[in-house]
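# Overview (structure and organization)
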Amino acid sequence: MATCYKSIHPVKYYRDFLAKGVRPDGRDMQKFRPVSINVDSIKTAEGSAIVKIGNTVVVCGIKAELAAPKAEEPNFGYLVPNVELPPLCSPRFCPGPPSDLAQVSSNFIAETLTSSGCVDLKDLCIAPEHLAWVLHCDLICLDHDGSLWDACVIALVAALRTVKLPHVSYDVEAETTVVSPEKRNKLQVHNTPVATTFAIFDDEILLTDPTNEEESLSSGVMTIVVQGGQLCSVHKPGGSPLTESQLQECINGAMKRAEYINKLVNMTLESLGT
Amino acid sequence: MVIREHTAPGFNRPAENFGNHVISQKTMNEFYTIIDIRHNVTLQHPVALLRSDFEFCFDAVCVQRDTAVVTAVFGPAEVKPQRILIDKASVEALYRPKTGLPRVHDKMRETLIRNTCSTALLVTLHPRTSISIIVQEMQDSGGLLACAVNAACLALINSGIAMKFLVAAVSCMIDHEDNILIDPNSKQLKGSKASLTFVFDSIKKNIMACHTTGRFTQLQYEESLLKCRNGSDKIFSFYREIVRKVHQEHDRMSPTCRT
């Protein structure tokens, strides 16, 4: 009966639940879904992590490559994030070129990386003007069930913190590169940004950590990236208007979540013995 | 019908106006200048993307200081079967950069404009149709996203498609001395710690959309929000002014049609 009702009038179905202060999956409005993190899961990559938020699963793999730095930025390496949303993760996506959402997500992740300054690109430079590291951060979504960006940011930061780059010496005169894979250095990660997504249902109810269903039924989504008590990004791409107090509520929620997530990531990395 | 507003070019604005957090009525004309608002003009570049059987085309050119954007609105018109929505119009935004093909960060702008406009429009009045908003960047000297949103709103006003409210976007930046500057130019943006763009609705001045880069504290965020909100009042009154002028011109040209 309930499933029938839900498929005929999904918004009303949600409204009935929310009127009682509970969501159909049993959470209240401010409750997050359980998060699980697994680091260093892919041995062929320089760094990797798998993050699960509820049913949303994102795998991050970081591959390193050597290249010449850009002429206008001779002291900088490269960090290239890419979000992939294969048809596997949700029926919304078709095979073919990256969807709009995948492109917007890649752009968001790239902006978050630069805003937070979590990796200093100067650290990736080996010999100015000659040689620098390129870190390809591939984020692949295995199951898209809402709050994709939260999972992406956690996975990316956790993966970056496991990156160990081989020692490289470059002889400028002879233009020779010597890579010693047995001698590895950890990549310096200066900051740990954490993203939190909120959905706005019926123009006024704020749903923390929404599922895919909640996101598609809601009238707007907002993502806040927090890093060490500061805001890195407040991204609200349209949707229903929010008042200042609602925004404040979201920021406070995001701050609390950041502490919890950082603790979790630290614990996971410690258990790895690094 | 062409209305031309010749106001003092923005680059003549005295430097002390920056950092002045309240924009005075006097500087408003310099702050937001519209040069052209007209009907049924064929745009060469963006229109080439679309089929020619569209019935309506309305456009607006929005110039904010040196940042210029042209927008065209088509619709409500026929929609592709895969985009059809049975209970509302499908709103799409196309963003064309000045040179080259649209890139990844242009998709972000597209999404923001599309979501903002589809919330502002009464989409349920036109089910099974499409409303396309084409934004062509002409020149970027800071605050491009804000200019694009304002241009889109002007084009929508001009199109006469029913809206719930108007939207106005204001950009600001935080410099290394923690000063907040409203509507910075690209030169000033180079020395910025963070830049923020807010979109407000015209009813309660709530936050429709927000995009930020760089790091800032919660206090700075709230302060810039407040300053941008004050700035948005000027844009809303400017919209009113423009519409009044267009109607005046219309009445002058066809006095018999006056109601």
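Residues numbered from 1 in each chain as written. Chains lettered and ligands numbered in written order. Predicted model: local features only at pLDDT ≥ 70, side-chain atom pairs only at ≥ 80, totals over all residues. Heavy atoms only, no water.

Here is the UniProt Subcellular location (unreviewed entry) comment for chain B, exactly as written: "Nucleus". Of the comments in the UniProt record for chain B, the one headed Sequence similarities (unreviewed entry) reads "Belongs to the RNase PH family." (UniProt positions renumbered as here; feature names shortened; annotations may be inferred.)

By the naming in an unreviewed UniProt entry, chain A goes by Ribosomal RNA-processing protein 43 and is assigned to Cryptotermes secundus. UniProt lists a comment for chain A under the heading Sequence similarities (unreviewed entry), and it reads "Belongs to the RNase PH family."

## Thoughts on the overall build of chain B
Helix and strand counts for chain B come out as five helices and nine strands. Tracing chain B from N to C terminus, the helices and strands come up as α-β-β-β-β-α-β-α-β-β-α-β-β-α. The buried share among the 259 residues of chain B stands at 56%. Considering only contacts in chain B between residues 6 or more positions apart, those separated by 24 or more positions represent 71%. Of the roughly 12,000 Å² of accessible surface on chain B, 53% is carried by carbon and sulfur atoms. (Helix = DSSP H or I, 4+ residues; strand = E, 2+ residues; numbered from the N terminus. Buried < 20%, exposed > 50% of the residue type's maximum accessible area, 1.4 Å probe, protein only. Contact = heavy atoms within 4.5 Å. Areas by Shrake-Rupley, 256 points an atom, 1.4 Å probe, with all protein chains shown as cover.)

## Notes on the pairing of strand β6 (residues 167-175) of chain B
Residues and elements named next belong to chain B. Along β6, nine of the nine residues are buried, which leaves the element largely enclosed by surrounding structure. The alternating pattern of β6 places V167, A169, S171, M173 and D175 and A168, V170, C172 and I174 on opposite faces, both of which are buried. Sheet analysis places β6 next to strand β8 (residues 192-201), joined by nine bridges and oriented antiparallel. Bridged to V167 within β8 is D201. In the sheet, β6 pairs with strand β7 (residues 180-182) via three bridges, with the strands oriented antiparallel. Among the inter-strand pairings, M173 is bridged to a residue of β7, identified as L181. Between β6 and β7, which pair antiparallel in sequence order, lie four residues; one of them, D178, sits at a positive phi of approximately 65°. (Pairing = 2+ DSSP bridges.)

## Some thoughts on the sheet that holds strand β9 (residues 207-214) of chain B
Residues and elements named next belong to chain B. Spatially, β7-β6-β8-β9 is the arrangement adopted by the four strands of the open sheet, whose pairing is antiparallel. Only two strands of the sheet have a single partner each, and these edge strands are β7 and β9. Ignoring which end each strand starts from, the neighbouring axes of this sheet average 20° apart. In this fold helix α2 (residues 104-120) packs onto β6, β8 and β9, with an angle of close to 165° to the strand it touches most, β9. (Axes fitted to C-alpha atoms, helices over the stretch in contact; angles between N-to-C directions.)

## Brief notes about a positive patch on the surface
On the surface, a cluster of positive charge is contributed by K43, K164, R184 and K186 of chain A. Residue K186 of chain A is classed as partly exposed on the basis of its relative accessible area of 47%. (Patch = residues over 30% accessible without salt bridge, like charges linked within 9 Å, V, L, I, M, F, W, Y side chains within 5 Å. Salt bridge = Lys/Arg side-chain N within 4 Å of Asp/Glu carboxyl O. Lys, Arg positive; Asp, Glu negative; His and termini not counted. Charge placed at Lys NZ, Arg CZ, Asp CG, Glu CD.)

## A closer look at the pattern of salt bridges
Applying the stated criterion across every chain, the model contains 21 salt bridges over all chains. Where D16 of chain A meets K12 of chain A, a salt bridge forms, and the shortest distance between an N and an O atom there is 3.3 Å. Here D16 of chain A and its partner K12 of chain A are both found in helix α2 (residues 10-19), four residues apart, which amounts to about one turn of the helix. With a closest N to O distance of 3.9 Å, K245 of chain B and E241 of chain B form a salt bridge. Taken as a pair, K245 of chain B and E241 of chain B lie in helix α5 (residues 218-253) at a separation of four residues, close to a single helical turn. For K245 of chain B, a relative accessible area of 24% corresponds to the partly exposed category. By relative accessible area, E241 of chain B is classed as partly exposed at 30%. One salt-bridge network, held together by shared partners, links R23, D25, R27, R33, D145, D209 and E214 of chain A.

## What to know about the UniProt feature "domain: Exoribonuclease phosphorolytic" (unreviewed entry) in chain B
Summarizing the sequence annotation, UniProt attributes the feature "domain: Exoribonuclease phosphorolytic" (unreviewed entry) to residues 63-161 and 167-223 of chain B in the numbering used throughout. Secondary structure content for residues 63-161 of chain B is 33% helix and 30% strand, and the end C-alpha separation is 23 Å.

## Thoughts on the pairing of strand β5 (residues 130-139) of chain B
For a regular strand, side chains alternate in direction, first toward one face of the sheet and then toward the other. Residues and elements named next belong to chain B. Within β5, eight of the 10 residues are buried, leaving the element largely enclosed by the surrounding structure. The sheet contact formed by strand β3 (residues 67-77) and β5 spans eight bridges and is antiparallel. Residue pairing across strands places V73 opposite I133, the latter belonging to β5. Where strand β4 (residues 90-96) lies against β5, seven bridges are found, and the strand directions are parallel. When the sheet's bridge partners are listed, E92 is paired in β5 with S132. Remark: the β4/α2/β5 crossover connection has left-handed handedness. (Right-handed = clockwise from strand over helix to strand, strands pointing away.)

## Observations concerning the packing of aromatic side chains
Across all of its chains, the model carries nine aromatic pairs over all chains by this definition. Ring centres 6.0 Å apart and planes at 25° place the aromatic pair F198 of chain B and F200 of chain B in the stacked group. Of the aromatic side chains, those joined through ring pairs into one cluster are Y5, Y13, Y14, F17 and F201 of chain A. (Phe/Tyr/Trp six-rings, centres within 6.5 Å; stacked < 30°, edge-to-face > 60°.)

## Quick notes on the UniProt feature "domain: Exoribonuclease phosphorolytic" (unreviewed entry) in chain A
Residues and elements named next belong to chain A. In this structure's numbering, the residues bearing the UniProt feature "domain: Exoribonuclease phosphorolytic" (unreviewed entry) are residues 32-166 and 192-256. A helix fraction of 22% and a strand fraction of 37% characterise residues 32-166, whose end C-alpha atoms lie 38 Å from each other. In this annotation, residues 192-256 is assigned 29% helix and 40% strand; the end-to-end C-alpha distance for the span is 14 Å.

## Section: the confidence of the model for chain A
Of all residues in chain A, 99% have pLDDT values of 70 or greater, and the mean over the chain is 92. Considering each helix and strand of chain A separately, the mean pLDDT is smallest for helix α1 (residues 2-8) of chain A, with a value of 88, and largest for helix α4 (residues 148-160) of chain A, with 96. (pLDDT = per-residue confidence, 0-100.)

## Brief notes about unusual backbone geometry
Trans peptide bonds make up the majority, and among non-glycine residues the majority have a negative phi. For D209 of chain A, which is not glycine, the phi dihedral falls at a positive 50°. Mapped onto the elements of the fold, D209 of chain A is located in the loop between β10 (205-208) and α5 (212-217). With phi around 50°, D183 of chain B is a residue other than glycine that occupies positive phi space. Along the chain, the position of D183 of chain B falls in the loop between β7 and α4 (186-190). Here D183 of chain B falls in the buried class, since its relative accessible area comes to 2%.

## A short note on the interface of chain B and chain A
On the chain A side, the residues contacting the 29 residues of chain B number 29 residues. Between chain B and chain A lies a buried interface of about 2,600 Å² when both sides are counted; carbon and sulfur atoms form 52% of it. When residues of chain B are sorted by the area they lose upon contact with chain A, I207, R215 and Q218 of chain B head the list and together hold 24% of the total. Where chain B touches chain A, the interface holds two salt bridges. Of the charged contacts, one joins R229 of chain B and E244 of chain A as a salt bridge, the two residues approaching to 2.5 Å between their closest N and O atoms. Only α2, β9 and α5 of chain B provide two or more residues apiece to the side of chain B that touches chain A. If one sorts the elements of the side of chain B that touches chain A by residue count, α2 of chain B sits on top with 10 residues. (Buried area = accessible area lost by both parts, 1.4 Å probe.)

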